[in-house]
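Here is what each chain is made of, one letter per residue.
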Amino acid sequence: MEEETKEYLAKRGCRFLNEQELKAHLAALLRLENIGVFLGNGASTVAGSKLFGKIWEDFVQNYPGEYSWLQEQNFLPGMESSGNDSNSYVNVEDLLDNIEIALKEWQRARNPELDNLKRVRYFLYKKIIKAAILKEEWWENPEKILEGPPELSCHRILLQRLVPSRQPGQTPPWIFTTNYDLVIEWAAESINLKVTDGFEGLHCRSFSPHSFDLGYRNMLAKGEAKFGIYNIYLVKLHGSLTWQESKEYDTYFELSAQTAWEKIKSFLESEDSDVSLPIIFPFAAKYMQTIGFVLGELFRRFTEFLARPQTCLIICGFSFSDKHLNQLIFRALQNPTLHLIICDPEAEIINNGTELIFKTNNKWLNKLAQLNSQQITFIGNGHNAYFKSLVHYLPEPALYDEKLEEIKKFLKEISSER
């Protein structure tokens, strides 16, 4: 057992689990009334995306002048003036928040460095969008998605194992993500699974949050069969590459990938740092500015989900660097029937297999680990906690019919009597 935990790590409360125990635990959790998956940036790397650390590294290498300018203007507090080792510690989203705040102030004050600030912002957004695109051919030719690209196989497996696990009368699974890419939408389309993402309409898809309260059912099905699951709920907490804001109508629209690609491509090919952003980014003061709008409503749905009875949330690819989301997840543990599955490759065992720590020294993860709560299960130790591994821990779908089981039991009893 000691050798096994060195290669494999899972811990619930004070007890370490082997792989078989973890799979059984996950199978039981998937039968709860409410099941959700929270996917961070790391969950999209299997489809070709980049971690924010890698995005920052590319920015520093490709734009050394802009990087030096950020240091000179004190936009990188706590960073050393030289050396690349400190680059990975820069939170790109926090940096963009600071840039957006400064941009408004410098415009008002007519700061002579305003053009440099716009250029830096433009290059940062360019790197982020390029990483979220994944593959250009998927945008230009939707038929490529229907062919089932292998890069989307892990996300397809996730959906194919979550949906069939739902029992008669239970709600569809929820997918929460901070990613801008379309990996979930494309994976669902490749297996003909409907996605409810808060937007409604055919040629003009506008944000209608009530769609999360609706569902699909088979009009021809009878009995328990009519309670089958035909869709997933997708909540993109930080926006999407296909969302557009309409200031004239004070609402948000979702464009098709091909239509959105025209705007995105124009932005990436432009050399004008004043060009408008092609998508909605949740930058400075995002939580105050979006109250009553699309992102505020989506955050409300997330907190509402965490408060539901008999709920499980699986977290993968999330670095716990977003303080607001950290607070929501931590406070949600006040729900006694909530269970969290947290996948983090930086989790490791110390003190002869008796203590769990995180090599990144993330205070939020360490705080959760110190609780030793039965509500929290950690999966760690490198590749074992990657998204690719997680989807294979989930149980394969199996049809379960109580009447059939009763008939089998009855026939067994008859045969034993003979």
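My aim in this report is to walk through the structure given alongside it, one point at a time. As the structure is a computational prediction, the values presented were derived from the model and not from experiment.

1. Remarks on the side chain of serine 240
Argument step 1. Topologically, serine 240 is positioned in the loop between β8 (231-236) and β9 (243-246).
Argument step 2. A distance of 3.0 Å separates the side chain of serine 240 from the side chain of lysine 236, its partner in a polar contact.

2. Let's talk about the packing of helix α13 (residues 294-306) against helix α14 (residues 323-332)
Argument step 1. Relative to each other, α13 and α14 sit at 20°, their axes nearing to 9 Å. By the angle between their directions, the pair α13 and α14 is classed as roughly parallel. The chirality of how α13 crosses α14 is right-handed. On α14, the residues that touch Phe299, Phe302, Thr303 and Leu306 of α13 are His324, Leu325, Leu328, Ile329 and Ala332.
Argument step 2. Grouping the amino acids of the contact of α13 with α14 by side-chain chemistry returns seven nonpolar, two polar and no charged.

3. A closer look at the pattern of salt bridges
Argument step 1. This model, assessed by the stated rule, comprises 21 salt bridges.
Argument step 2. In this structure, aspartate 58 engages lysine 50 in a salt bridge whose closest nitrogen and oxygen atoms are separated by 2.7 Å.
Argument step 3. Using a relative accessible area of 34% as the deciding quantity, one classes lysine 50 as partly exposed.
Argument step 4. Taken together, the shared-partner salt bridges connect Asp213, Glu297, Arg300, Arg301, Glu304 and Arg308 into one network.

4. So, the sheet that holds strand β6 (residues 199-200)
Argument step 1. In spatial order, the strands read β6-β7-β10-β9; together these four strands make up an open sheet with antiparallel pairing. The outermost strands of the open sheet, each flanked by one partner alone, are β6 and β9.
Argument step 2. Note that β6 and strand β7 (residues 205-207) share two bridges and pair antiparallel. For glutamate 200, the partnering residue across the bridge sits in β7 and is serine 206.

5. Focus: the state of the cysteines
Argument step 1. Counting across every chain of the model gives zero disulfides.
Argument step 2. Distance from the sulfur of cysteine 343, which forms no disulfide, to the nearest cysteine sulfur (cysteine 316) is 4.5 Å.
Argument step 3. Since its relative accessible area comes to 4%, cysteine 343 is described here as buried.

The rules we used
Residues numbered from 1 in each chain as written. Predicted model: local features only at pLDDT ≥ 70, side-chain atom pairs only at ≥ 80, totals over all residues. Heavy atoms only, no water. Helix = DSSP H or I, 4+ residues; strand = E, 2+ residues; numbered from the N terminus. Polar contact = N/O pair within 3.5 Å; in protein donor to acceptor, adjacent residues only side chain to side chain. Axes fitted to C-alpha atoms, helices over the stretch in contact; angles between N-to-C directions. Parallel < 35°, antiparallel > 145°, perpendicular 65-115°, else oblique. Left-handed = near helix turned anticlockwise from the far one by under 90°. Contact = heavy atoms within 4.5 Å. Nonpolar A, V, L, I, M, F, W, Y, C, P; charged D, E, K, R; others polar. Salt bridge = Lys/Arg side-chain N within 4 Å of Asp/Glu carboxyl O. Buried < 20%, exposed > 50% of the residue type's maximum accessible area, 1.4 Å probe, protein only. Pairing = 2+ DSSP bridges. Disulfide = S-S within 2.5 Å.

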